[in-house]
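Residue-level structure breakdown
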Amino acid sequence: MQMKKYVFAVLTTLALPVFAIAADEAKGTLTLVRVIELAADNAPEVRLSTTRIAEGEARLAGAQIRTLENPKLDLATGPRNGTESSVDVEAGFEIPFELGSRRSKRIAVAQAGIQREKYATGDVRRQSVAAAVGAYYRVLQAEERLRLATDRKTMAEEFLRIAKERLLVGDAARFEVNLAQTEVSRAESDISAARGRIAQVRTTLAKTLGLSSGADIQIVGDLKERSLFDTIRSAQTARERDDLQAARAEVEASRAAISLAEAERLPDLAFRVSYKREGNDNIALGGITVSLPFLNPRPGPIQEARVQNQRAQIAAEVRQSAISAEIEGARNTYDAAVEAVRRVETDGLALQQENETLAGESYRAGKINLSTLLQVRRDALETRREYLERLLEAADAGVELASANGRWSTN
């Protein structure tokens, strides 16, 4: 049964590139749910981590052998020169045996190592999903900034048209047309920069998902959507994280290593059968071989295993305290980020939009000049940019909250 598990683990490892290719071909439209699924299964760090589980399965297969030492066969022959000449032959066969249940202790060490690697893989998956979701929200923000830059250009071109018309009838000076043309150029530059940011963050997203390209990815979602994070924020208890489980599994593995080190201090035992032919005499012997570890009782491995166990216990305690602090800090950060978004939405966006509309109407009616209009427009654009930054900060805080709690379920 254990050998079947080992073979399955190896086959699974070999099939991972196939799974990656399938994911690359089926990337298509990416929603938040799909990003989480892809990152959990296909992120490069996750794929690498799963191979360590297969390595553990291989070590377990080796630990199940009855003894680590192979039987020994000795053969020797040579001439006898004396009163009578003959050829002597000697053959010996030695079968080693282990004392102190070493086999079961090796199996315990290997099984504890596999469990540790499984939890470690789960923690790598948690971090990989967090990185992918963070990149997903950055793509959403970059696309929003591109729309903002496009709106800016549309409005600038409208103002340029009006400035030219007013110049023709003598209601505006030439410098107003120049100002309007400059605003169009700045808007076009903003569009180019926004497209560059989109390409950059798409590449980052593709890398976190293990995809070969981010150019054809279609992102679906809303930067303002935080229902997943709000659900996690309102949860009463946090899920026990895999990194804590891995730390505890390391404690168990170090305890098993202590038991194995103690068992390995026992003498080595082997049964021996030999045959000799000396002249015309046939001699058969049987016996045992026992090592005498008096000069070298091997205390070092036991002391080392005990120190490793102490370090593992300290690491588990430190990890548990760190997780509690991370969760508390993530909740406070998320609450503050959401409040910052609410402030801009309530007190900033509506007023700036109203001012922008009123200023545009006043400019079209000739009540204000273009310089005043552009100043109002810049203030409005800056407010919208700040709003997008606050939204991204809230999303980042939500990602940290979900990662700290070890929860990525969208159900």
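Report follows, based on the coordinates. (Residues numbered from 1 in each chain as written. Predicted model: local features only at pLDDT ≥ 70, side-chain atom pairs only at ≥ 80, totals over all residues. Heavy atoms only, no water.)

1. Things to note about the sheet that holds strand 5 (residues 269-278)
What the 4 strands build is an open sheet, ordered 2-3-5-6; its pairing is antiparallel. A strand with exactly one partner marks an edge of an open sheet, and here the two such strands are strand 2 (72-80) and strand 6 (281-290). On average, each strand axis in the sheet is tilted by 15° relative to the strand beside it, whichever way the strands run. Summarising the sheet, strand 3 (residues 86-97) and strand 5 pair through 9 bridges and their orientation is antiparallel. (Pairing = 2+ DSSP bridges. Helix = DSSP H or I, 4+ residues; strand = E, 2+ residues; numbered from the N terminus. Axes fitted to C-alpha atoms, helices over the stretch in contact; angles between N-to-C directions.)

2. Considerations on the pattern of salt bridges
Under the criterion given, the structure shown has 29 salt bridges. Notably, a salt bridge pairs R306 with E262, separated by 3.2 Å at the nearest N-O pair. With R306 in helix 8 (residues 300-364) and E262 in helix 7 (residues 242-263), this residue pair connects regions lying 44 residues apart in the sequence. In this structure R306 comes out as partly exposed when scored by relative accessible area, which is 43%. E262 gets classed as partly exposed once you look at its relative accessible area, which sits at 37%. Here E382 makes a salt bridge to R385, at a shortest N to O gap of 3.7 Å. Highlighted residues: E382 and R385, both in helix 9 (residues 370-405), separated by 3 residues, approximately one helical turn. (Salt bridge = Lys/Arg side-chain N within 4 Å of Asp/Glu carboxyl O. Buried < 20%, exposed > 50% of the residue type's maximum accessible area, 1.4 Å probe, protein only.)

3. Section: the environment of N178
Tracing the chain through its elements places N178 in helix 5 (residues 174-209). As a C-alpha pair, N178 and L160 span 18 residues in sequence and 8.6 Å in three-dimensional space.

4. Considering a nonpolar patch on the surface
A cluster of nonpolar side chains, contributed by L73, L75, F93, I95, F97, F271, V273, I288, V290 and L292, occupies part of the molecular surface with about 990 Å² of accessible area. For the nonpolar patch, the secondary-structure elements that each account for two or more residues are strand 2, strand 3, strand 5 and strand 6. Considering every element that reaches the nonpolar patch, the biggest residue donor is strand 3, with 3 residues. As for its placement among the helices and strands, F93 is situated in strand 3. (Patch = residues over 30% accessible without salt bridge, like charges linked within 9 Å, V, L, I, M, F, W, Y side chains within 5 Å. Areas by Shrake-Rupley, 256 points an atom, 1.4 Å probe, with all protein chains shown as cover.)

5. Here we look at the nonpolar core
Core analysis: the largest hydrophobic core is formed by 55 residues, its most contacted members being V133, Y137, L209 and W408. Breaking this core down by element, the ones donating at least two residues are helix 2 (32-42), helix 4 (102-168), helix 5, helix 6 (227-234), helix 8 and helix 9. Per-element tally for this core: the top contributor is helix 4, with 13 residues. Here Y137 is in contact with L32, D222, L223, E225, F229, L392 and A395, once residues within four sequence places are set aside. By size, the runner-up hydrophobic cluster in this structure holds 6 residues, among which are A156, A163, V177 and A180. (Core = buried A, V, L, I, M, F, W, Y, C linked by side-chain atoms within 4.5 Å. Contact = heavy atoms within 4.5 Å.)

6. Some remarks on the packing of helix 2 against helix 4
Taken N-terminus to C-terminus, the directions of helix 2 and helix 4 make an angle of 145°; their axes are 8 Å apart at the nearest point. The crossing of helix 2 and helix 4 is right-handed. Here L32, V35, I36, A39 and A40 of helix 2 come into contact with helix 4, specifically with R125, S128, V129, A132, V133, Y136 and Y137. Looking at side-chain class alone, the contact of helix 2 with helix 4 contains 10 nonpolar, 1 polar and 1 charged residues. (Left-handed = near helix turned anticlockwise from the far one by under 90°. Nonpolar A, V, L, I, M, F, W, Y, C, P; charged D, E, K, R; others polar.)

7. Considering the packing of aromatic side chains
A full pass over the atoms with the stated rule returns 3 aromatic pairs. Both rings, one in Y136 and one in Y137, keep their centres 5.3 Å apart while their planes meet at 75°; by these two values the pair is edge-to-face. Residue Y136 shares its accessibility class with Y137, and that shared class is buried. Aromatic pair F229 and Y334: ring centres 6.3 Å apart, planes at 75°, arrangement edge-to-face. Of this pair, F229 sits in helix 6 while Y334 sits in helix 8, placing them 105 residues apart in sequence. (Phe/Tyr/Trp six-rings, centres within 6.5 Å; stacked < 30°, edge-to-face > 60°.)

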